[in-house]
Amino acid sequence: MSLIKPAKWRFSKQETSWILYDVGNSAFVLVVVTAIMPIFFKDVLAADLPDTESTAWWGYGNAAAALMVALCAPLLGTISDYQATRKKVFTILLFGGLSFTLLLFTSKPGSWQTALLFFVLARIFWASANVVYDSFLVEVAQRDRIDQLSSHGFGWGYIGSVLPFLLVMWVMFSALAEPVAGTSSATQLLPERATRLSFVIVALWWLLFSLPLLMNVSQRYAVPVPQRPVRHAFLQVWQTLKKVRENRAAFAFLMAYFFYIDGVGTIISMAAVYGRDLDFSPVQLISVILFIQVVAFPCALVYSRLAGSFNTRILLFAGICIYCVITLLAWSLPSVGESYRIPLF
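Now for a look at the structure at hand. No experiment lies behind these values; they were computed from the predicted model shown.

## Things to note about the overall build of the chain
- Across its full length, the chain holds 13 helices and 0 strands.
- Traced from its N-terminal end to its C-terminal end, the chain shows the element sequence α-α-α-α-α-α-α-α-α-α-α-α-α.
- Here the chain holds 345 residues, and 41% of them are scored as buried.
- For the chain, restricting intrachain contacts to residue pairs at least 6 apart in sequence, the fraction spanning at least 24 positions comes to 84%.
- Accessible area for the chain stands at about 19200 Å²; split by element, carbon and sulfur atoms hold 69% of it.

## What about the packing of helix H3 (residues 86-103) against helix H8 (residues 192-208)?
- Look at H3 against H8: their axes get within 8 Å of each other, and the N-to-C directions meet at 160 degrees. The angle between H3 and H8 places the two elements in the roughly antiparallel class. In this structure, H3 meets H8 at a crossing whose hand is left-handed. Together, Leu94, Phe95, Gly97, Leu98, Thr101 and Leu102 of H3 and Phe199, Val200, Val202, Ala203, Trp206 and Leu207 of H8 make up the contact between the two elements.
- Class assignment of the residues belonging to the contact of H3 with H8 gives a composition of 10 nonpolar, 2 polar and no charged.

## Here's the deal with the packing of helix H2 (residues 51-80) against helix H11 (residues 248-277)
- Viewed as axis vectors pointing N to C, H2 and H11 meet at an angle of 180 degrees, and their least axial separation amounts to 10 Å. Relative to H11, the element H2 is oriented roughly antiparallel. Packed against H2, whose contacting residues are Asp51, Thr55, Trp58, Gly59 and Asn62, the element H11 presents Ser269, Met270, Val273 and Asp277 at the interface.
- Tallied by class, the residues present in the contact of H2 with H11 amount to 3 nonpolar, 4 polar and 2 charged.

## Section: the environment of Ile39
- With respect to the helices and strands, the residue Ile39 is situated in helix H1 (residues 13-45).
- When the C-alpha atoms of Ile39 and Leu285 are compared, they prove to be 9.2 Å apart, with 246 residues separating the residues in sequence.
- For Ile39, the contacting residues outside a window of four places in its chain are Val44, Leu190, Ala272, Arg276, Pro282, Leu285 and Ile286.

## Re a nonpolar patch on the surface
- Together, Phe253, Leu254, Tyr257, Tyr260 and Ile261 line one region of the surface with nonpolar side chains, adding up to about 490 Å² of accessible area.
- Checked against the element boundaries, Ile261 lands in helix H11.

## Structural notes on the pattern of salt bridges
- One pass over the structure, following the stated rule, counts 4 salt bridges.
- For Arg276, the salt bridge identified is with Asp43, shortest N-O distance 3.0 Å. Separated by 233 residues along the polypeptide, Arg276 in helix H11 and Asp43 in helix H1 bring together distant segments of the chain. The pair Arg276 / Asp43 is uniform in exposure class, with both members buried.
- For Glu139, the salt bridge identified is with Arg86, shortest N-O distance 2.3 Å. Placement of Glu139 in helix H5 (residues 137-140) and of Arg86 in helix H3 is noted, with a sequence separation of 53 residues between them. No difference in accessibility class separates Glu139 from Arg86, as the two residues are buried.

## Focus: the environment of Phe234
- Along the polypeptide, Phe234 turns up in helix H10 (residues 229-244).
- Given the relative accessible area of 49%, Phe234 is considered partly exposed.
- The spacing of Phe234 and Pro74 is 160 residues in sequence and 8.9 Å in space, taken between C-alpha atoms.

## Description of H2
- Compared with an ideal rise of 1.5 Å per residue, which puts 30 residues at 44 Å, H2 spans 42 Å between its outermost C-alpha atoms and is within 8% of the ideal.
- In H2, a bend of some 40 degrees at Cys72 exceeds every other bend along the element, and Pro74, a proline, comes one to four places later.
- For H2, every residue scored as buried is listed here: Ser54, Thr55, Trp58, Gly59, Gly61, Asn62, Ala65, Val69, Leu76, Thr78 and Ser80.
- Close packing links the buried residues of H2 with H1, H3, helix H4 (112-135), H10 and H11.

What counts and what doesn't
Residues numbered from 1 in each chain as written. Predicted model: local features only at pLDDT ≥ 70, side-chain atom pairs only at ≥ 80, totals over all residues. Heavy atoms only, no water. Helix = DSSP H or I, 4+ residues; strand = E, 2+ residues; numbered from the N terminus. Buried < 20%, exposed > 50% of the residue type's maximum accessible area, 1.4 Å probe, protein only. Contact = heavy atoms within 4.5 Å. Areas by Shrake-Rupley, 256 points an atom, 1.4 Å probe, with all protein chains shown as cover. Axes fitted to C-alpha atoms, helices over the stretch in contact; angles between N-to-C directions. Parallel < 35°, antiparallel > 145°, perpendicular 65-115°, else oblique. Left-handed = near helix turned anticlockwise from the far one by under 90°. Nonpolar A, V, L, I, M, F, W, Y, C, P; charged D, E, K, R; others polar. Patch = residues over 30% accessible without salt bridge, like charges linked within 9 Å, V, L, I, M, F, W, Y side chains within 5 Å. Salt bridge = Lys/Arg side-chain N within 4 Å of Asp/Glu carboxyl O. Expected span 1.5 Å × (residues − 1). Bend = angle between axes of the 7 residues up to and from the residue.

Listed below in C-alpha cells is the structure:
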C-alpha cells in the first residue's frame, strides 16, 4: 500500500468549471438514459409493441449509439488535440446533444421509431462530448489532483442531477393532479406532455452548467494543425493502434476498460426496461434510481479521500468486485417471487 498525502479540497475557477459540466450533463444520464425515457419509451411511445420487442429495440438503439461512439472516439481525440480545436469540437458536440434532446419533446405515442432515432443521436453527441470533456481534465488539473478532481466531478454530478430530476418529478406529478379521461394507467403515471417537457428541462440544465466550461477553460496542450488534418487524424489513429499492441500494459488496459465500460453502460441503459419487464412499477424504479443518485454522492467523495491515501489500483479493483457481485445478485431477480419483493410504497 502506497501512502499519498491528501490534496486540499480547494478548486480553481477552471477546476470548478470542469466539475460543473458534470453536474449539467449528468441530468441527461439520469432522466434520458436511465430513468424517465426508458419507461416512457416502453409504456407510452412503444405501448403497442410486445414487451420483449420494445425492450429489444431499446437495447438495439443503445448498442448502436455505443458502437458509433466507439468508432468515432479515437478520431475525435486526435482531432481535438490540434491547436485551438478542442473547445470547438466540444462545442459542436455539446449543441448537437442539446438539439436532439430538445427534439425528444416532439415524441408522441406510436412514434417510437422517430423518438428512438432522436435518442440515439442525442446519446451519440452526449457521449462524444464527454470524450472531449474528459480530455480537458489534464488541462485544468495537475497530475497529483486528477484523482481528486475526477471523483468530485462524479460526486457533484450525481447529486447535481437530482435537482432537475426532482423538478421533473414535480412537473409530472402536478400533471397527474388533473387526469385525462380515457388515458391508460401508464400514461396517467407518465403524463405525455409533462414527460416530454422533462427533456426540455434536461437540455436547459445541461446548457446552463456547460457555460462555465465554455467561458473559463481553454486548451493549453496541443499539436500543430497539419495541412491535411482529417487525413492526418486517420493516420494518427492507425499508428496508435499499431503501437498500442506493442505496449502490453496499455493494450490490456484498453481491452479491460472496453469490457468494463460496456457492461456498466448496458446496466445503466437497460435497468429500467428490464425492471418493467419484471413488473416492477415505474414508481418503484424511479424511486430506487433516485436513491442511488443520493447515495452515490457521498460514496464518490469518500473514494476521493481514499484515493489520496491508498493505491488507486486497489480502490479500482475493490469497486469493480463489489459492482460484479451486485450485478450477479440482480441476475437472480426473475426467479424472485412477488411475495419476496420489497414493497417501496
